[in-house]
Amino acid sequence: MESDCRIPTSCCRPRILVLHALFWGLVSLRVFGASLLSMDDKTTVTRPVTTPCWQMEEFVVASECSECSAFHATWAVCSLTGYIERINCTKSNKEDYKSCRSTLMEEHLFWKFEGAMLGLSVVFALVVVVRQRALDRLASEKVRRQIESI
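Criteria and thresholds
- Residues numbered from 1 in each chain as written.
- Predicted model: local features only at pLDDT ≥ 70, side-chain atom pairs only at ≥ 80, totals over all residues.
- Heavy atoms only, no water.
- Phe/Tyr/Trp six-rings, centres within 6.5 Å; stacked < 30°, edge-to-face > 60°.
- Lys NZ or Arg CZ within 6 Å of the ring centre and 35° of its normal.
- Helix = DSSP H or I, 4+ residues; strand = E, 2+ residues; numbered from the N terminus.
- Expected span 1.5 Å × (residues − 1).
- Polar contact = N/O pair within 3.5 Å; in protein donor to acceptor, adjacent residues only side chain to side chain.
- Patch = residues over 30% accessible without salt bridge, like charges linked within 9 Å, V, L, I, M, F, W, Y side chains within 5 Å.
- Areas by Shrake-Rupley, 256 points an atom, 1.4 Å probe, with all protein chains shown as cover.
- Salt bridge = Lys/Arg side-chain N within 4 Å of Asp/Glu carboxyl O.
- Disulfide = S-S within 2.5 Å.
- Contact = heavy atoms within 4.5 Å.
- UniProt positions renumbered as here; feature names shortened; annotations may be inferred.
- Buried < 20%, exposed > 50% of the residue type's maximum accessible area, 1.4 Å probe, protein only.

Trainee: I'd like a rundown of the packing of aromatic side chains, residues and numbers included.
Mentor: In this structure the tally under the stated criterion is 3 aromatic pairs. Ring geometry for Phe71 against Trp75: centres 5.6 Å apart, planes inclined by 70°, an arrangement best described as edge-to-face. The rings of Phe71, Trp75 and Tyr97 are connected pair by pair, giving a single aromatic cluster. One residue, Lys98, lies across the ring of Trp54, its end atom 5.2 Å from the ring centre.

Trainee: Quick one: what's the story with helix H4 (residues 103–149), residue by residue and with numbers?
Mentor: Here H4 contains 47 residues, and its C-alpha end-to-end distance of 69 Å stays within 8% of the 69 Å for a straight helix at 1.5 Å per residue. Two to three positions downstream of the cap, the backbone nitrogen of Leu104 sits 3.1 Å from a side-chain oxygen, assigning the N-cap of H4 to Ser102.

Trainee: Which residues make up a nonpolar patch on the surface, and what values go with them?
Mentor: A cluster of nonpolar side chains, contributed by Phe113, Met117, Leu120, Val123, Phe124 and Val127, occupies part of the molecular surface with about 570 Å² of accessible area. Its place among the elements puts Met117 in helix H4.

Trainee: A description of the state of the cysteines should follow, citing residues and the corresponding values.
Mentor: Overall, the coordinates contain 3 disulfides when judged by the stated rule. In this model Cys65 forms its disulfide with Cys100; the gap between the sulfur atoms is 2.0 Å. Across the disulfide from Cys65 to Cys100, rotation about the S-S bond amounts to roughly 95°, and the bridge is consequently right-handed. Taken together, the residues span a long stretch of sequence, with Cys65 in strand E1 (residues 59–67) and Cys100 in the loop between strand E3 (95–99) and H4 at a distance of 35 residues. With its sulfur 1.5 Å from that of its partner, Cys68 forms a disulfide with Cys78. With Cys68 in the loop between E1 and helix H3 (76–81) and Cys78 in helix H3, this pair connects stretches of sequence that are 10 residues apart.

Trainee: How would you sum up the side chain of Ser102? Please name residues and give values.
Mentor: Within the element layout of this structure, Ser102 appears in the loop between E3 and H4. Ser102 has contacts with Cys65 and Tyr83, leaving out every residue within four places of it along the chain.

Trainee: Account for the UniProt feature "transmembrane region" (unreviewed entry) in the protein chain, with residues named and values stated.
Mentor: Residues annotated by UniProt as "transmembrane region" (unreviewed entry) correspond here to residues 16–37 and 109–130. Structurally, residues 109–130 is divided into 100% helix and 0% strand, and its ends, taken at the C-alpha atoms, are 32 Å apart.

Trainee: Outline the pattern of salt bridges, supporting the account with residue identities and numerical values.
Mentor: All told, the structure shown has 5 salt bridges when counted by the stated rule. Between Arg86 and Glu95 there is a salt bridge, and its shortest N-O distance comes to 3.5 Å. With a relative accessible area of 44%, Glu95 lands in the partly exposed category. The partner of Arg101 in a salt bridge is Glu106, with the nearest N and O atoms 2.3 Å apart. Of the residues examined, Glu106 reaches a relative accessible area of 33% and is grouped as partly exposed.

Structure (structure tokens):
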């Protein structure tokens with residue numbers, strides 16, 4: 001009678017267990033250490049941040065979402081998505097720029113995602129087929145051995 005245990009016995013050796021513990025300990029130390037260091041780097045000086053008018057009042061879009069030009073590339077609003085739109089705030093009558101998401105960019109990201117999912121599904125379908133063939137081979141070997149022992 002064969003065991004159903006799928007864990008190789010070589011993984012349970014003390015040396016391997018110590019190496020696993022050491023590896024994961026170093027990984028967690030690296031992750032948590034980096035987060036602790038980044039907390040210390042923050043300065044306590046706060047700069048007054050002005051809230052854009054479009055977050056506090058209604059606005060009208062003056063120019064539709066378009067890609068940032070070389071002139072606009074240095075602006076903070078342009079660094080978020082690479083696209084900006086010009087808006088006019090209604091109460092303050094102030095002109096401002098707002099980061100936006102382009103439909104072309106969204107479509108490109110969608111098709112990238114679809115391609116990645118299609119590729120992953122093909123890879124995992126192949127893994128399932130290979131695994132099924134290996135299990136079928138093992139089952140037929142087991143049946144063959146049982147027939148030979150009779």
